[in-house]
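Summary of the model geometry
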Amino acid sequence: MFHALVGIKQVPDTTNIRIDPETGNLIRQGVPTILNPYDAHAVAAAVEWKHKLGGKVTIISMGPPGTVSSIRECIEMGADRGILISARQFSGADTLATSFVLSETIRAIHMQDPIDLIFFGKQAIDGDTAQVGPGVGVRLGFPTITYAVKIRELDLEQRSVVVERKTERCNEVIRTSLPALITCEKDIAEIPFASLPDLIYSLTYEPEVWTAEEPVKFPIEQLGIKGSPTTVYKVTTPEKHARGEVLQVREAGLEATVQAALAKIMDAGVWEAA
Amino acid sequence: MTMRRFWVFIEQEEGKVHPVAWELLGVARRLASEVKDELEKTRDIAVVEGVLLGHNVAGLAEEALHYGADRVYVLDHPVFQHYLNKPYYTGLVSLVQKYQPEVFLIGATTLGRDLAGAVATRLGTGLTADCTQLAMGEVKGSDHKLLMATRPAFGGNVIATILCRSRLPQMATVRPRVFNSAPYQPEAAGEVVCETIPVDAELVNAQILEFIQNGDSRVKIEYADVIVSGGRGLGGPAGFDLIKELADALGGVVGSSRPCVDAGWISYDHQVGQTGKTVRPKLYIAAGISGAIQHKVGMQNSDFILAINRDPHAPIFDIATVGIVGDLYEVIPAMIAQIHAQKEALHVEER
């Protein structure tokens, strides 16, 4: 039986973030939160392999209580168990403190119910760091393959997995042993349509909530702000650029406008016809 | 007297150094110079050093000296022939523990990101990803300057400056093209130091079975001089044919904003922006791109930005050097025709 674990994050939908023009602060109110898109594909891949091999998918997430809705979304996609790791001691965690909590949680799950493969999205769209997944892999001592686009083979008997990963230069096909950890690109799997039973199950599903004390007693000095080597020193809004010249086709006519723009490009020496 | 070491990971694959390494050597040199005032008081020495892993890479280490490294540490062994996470992070961690650098910069490439996260976790230190500004600055409560690592967050809506106050090294990744390359110096001073680490079966926990070359699908837009990018205003995937035609006329490459990639009109390799690539071409043409902050952070350092958009209020016009308010399906064909006419005229002149 296959046991997959997926680490997910609920994130603000960054495409909808607005800045208060007066204060320059983020307007968090009314910004919808979503399941991090890469994580959704990671869940889809885990569920796909569960259907092929038989077994189960466990979801974990560290976050505020509202994260329940993203965990439900994973249940709707076919995951079986959800664990929310939530307590105020965890807040303010950077990637190092986050990977600590997630890896200790996974260790506890793994002792009860051995895990074959851990999935993460390649990065979260709010922080874009791509550090938490690999950090968890290193802490657990599991072989880690980032930027996975395809799981080619998954052999529970031979305890091996063959993964295709995408790099800037080419795609690499890598074999490693189980248990392993992969971080996923969107190509890893299509988001499935929920089956009716999964949909109904997810509606009232309540994930288990793990705190800083139970069932794992975390060392407090490694959590949240205390456990984070990095601190935010200041936050500013991006500088405003001086607005350049804007030409109107409607006023100057098409040919003249284009000619003027090309002349400016060539005057600036950024392109020449040669 | 202590050595304040500013380290740069010299990323190489197939015997070629990724240009981001030379960009980072330039940054490291500047950071080292920013602590000069402190050195005068403490009599410490600041040095810029490269770290290079690979097999048969002595020549590359020499090259790094030409780009301004005072010293390059090399781990040369068959196990480092192709990048694999565990051998590489094990090697780097061992060198960091030996030499205790103050700052460690790594390129935010797929390889560099994979590596940096593992190294920082192993060392239990702080890592700031995708920095767009780096400086050594005075901070209350610290008796020496700290690395101020600045990066966009929340899709580029805010700019955050991050510190790593009490652990070393202070690590940061930087995307290609955010900074200019260090100058190549014909005369290189400095030395290459060969290092070794114990290599056993435990070190290699994965095996590369195959490399799949993807032909033209890996578009290198980061280092192009001219980029023509299309956005949602194209209205559909076919719009990229026109974008390509203009890019070809200008000798450039095709870029894209995120919505087009999300919609499947063009592959991710073309995506410019916070979740795509950072570019700084001489000429960037944004056609049908509204200019969401997440796109701007990826291209605002271009030398010249031409925006073409029907909406006169599109935010792209705020950062454009020159903007054209008009229908891109009229403007671009006219532009292509005029470019061809110019080339033709030159051709005639030459004859």
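Below or above, wherever it landed, is the structure these notes cover. Worth saying up front: this structure is predicted, and the values here are computed from it rather than measured. (Residues numbered from 1 in each chain as written. Chains lettered and ligands numbered in written order. Predicted model: local features only at pLDDT ≥ 70, side-chain atom pairs only at ≥ 80, totals over all residues. Heavy atoms only, no water.)

The subject of this paragraph is the packing of helix H3 (residues 95-112) of chain A against helix H4 (residues 132-140) of chain A. Residue and element names in this part refer to chain A. Running from amino to carboxyl end, H3 crosses H4 at an angle of 50°, the nearest separation of the two axes being 8 Å. On the basis of the axis angle, H3 is oblique to H4. Judged by the twist between their axes, the crossing of H3 over H4 is right-handed. Contact residues: Thr 95, Leu 96, Thr 98, Ser 99, Phe 100, Leu 102, Ser 103, Ile 106 and Arg 107 in H3; Val 132, Gly 135, Val 136, Arg 139 and Leu 140 in H4. Tallied by class, residues from the contact of H3 with H4 come to seven nonpolar, five polar and two charged. (Axes fitted to C-alpha atoms, helices over the stretch in contact; angles between N-to-C directions. Helix = DSSP H or I, 4+ residues; strand = E, 2+ residues; numbered from the N terminus. Parallel < 35°, antiparallel > 145°, perpendicular 65-115°, else oblique. Left-handed = near helix turned anticlockwise from the far one by under 90°. Contact = heavy atoms within 4.5 Å. Nonpolar A, V, L, I, M, F, W, Y, C, P; charged D, E, K, R; others polar.)

This brings us to the packing of aromatic side chains. Under the counting rule described, the total for this entry stands at eleven aromatic pairs over all chains. With a centroid separation of 5.3 Å and 75° between ring planes, the pair formed by B:Tyr67 and B:Tyr184 is classed as edge-to-face. Separated by 117 residues along the polypeptide, B:Tyr67 in the loop between helix H3 (58-66) and strand S5 (71-76) and B:Tyr184 in the loop between strand S11 (170-174) and strand S12 (191-195) bring together distant segments of the chain. Geometrically, the ring pair formed by B:Phe80 and B:Tyr88 is edge-to-face, given 5.5 Å between the ring centres and 90° between the ring planes. Classification of B:Phe80 as buried rests on a relative accessible area of 1%. In this structure, A:Lys52 packs its charged tip against the face of A:Trp49, placed 4.0 Å from the ring centre. For A:Arg169, the ring lying beneath its charged end belongs to B:Phe211, and the centroid distance is 5.7 Å. (Phe/Tyr/Trp six-rings, centres within 6.5 Å; stacked < 30°, edge-to-face > 60°. Buried < 20%, exposed > 50% of the residue type's maximum accessible area, 1.4 Å probe, protein only. Lys NZ or Arg CZ within 6 Å of the ring centre and 35° of its normal.)

Attention now goes to the sheet that holds strand S9 (residues 146-153) of chain B. Strand order in the open sheet made by the four strands is S14(A)-S10(B)-S9(B)-S8(B), with antiparallel pairing throughout. At either end of the open sheet lies a strand with only one pairing partner, and these are strand S14 (230-236) of chain A together with strand S8 (133-137) of chain B. The sheet shows a mean angle of 30° between the axes of neighbouring strands, direction not considered. Inspection of the sheet shows S9(B) paired to strand S10 (residues 158-164) of chain B by five bridges, in the antiparallel sense. From the neighbouring strand, B:Ala153 faces S10(B), where its bridge partner is B:Val158. Helix H1 (residues 20-34) of chain B contacts S8 and S9 of chain B of the sheet and is inclined by roughly 20° relative to S8(B). (Pairing = 2+ DSSP bridges.)

So yeah, pure geometry; function would need other evidence.
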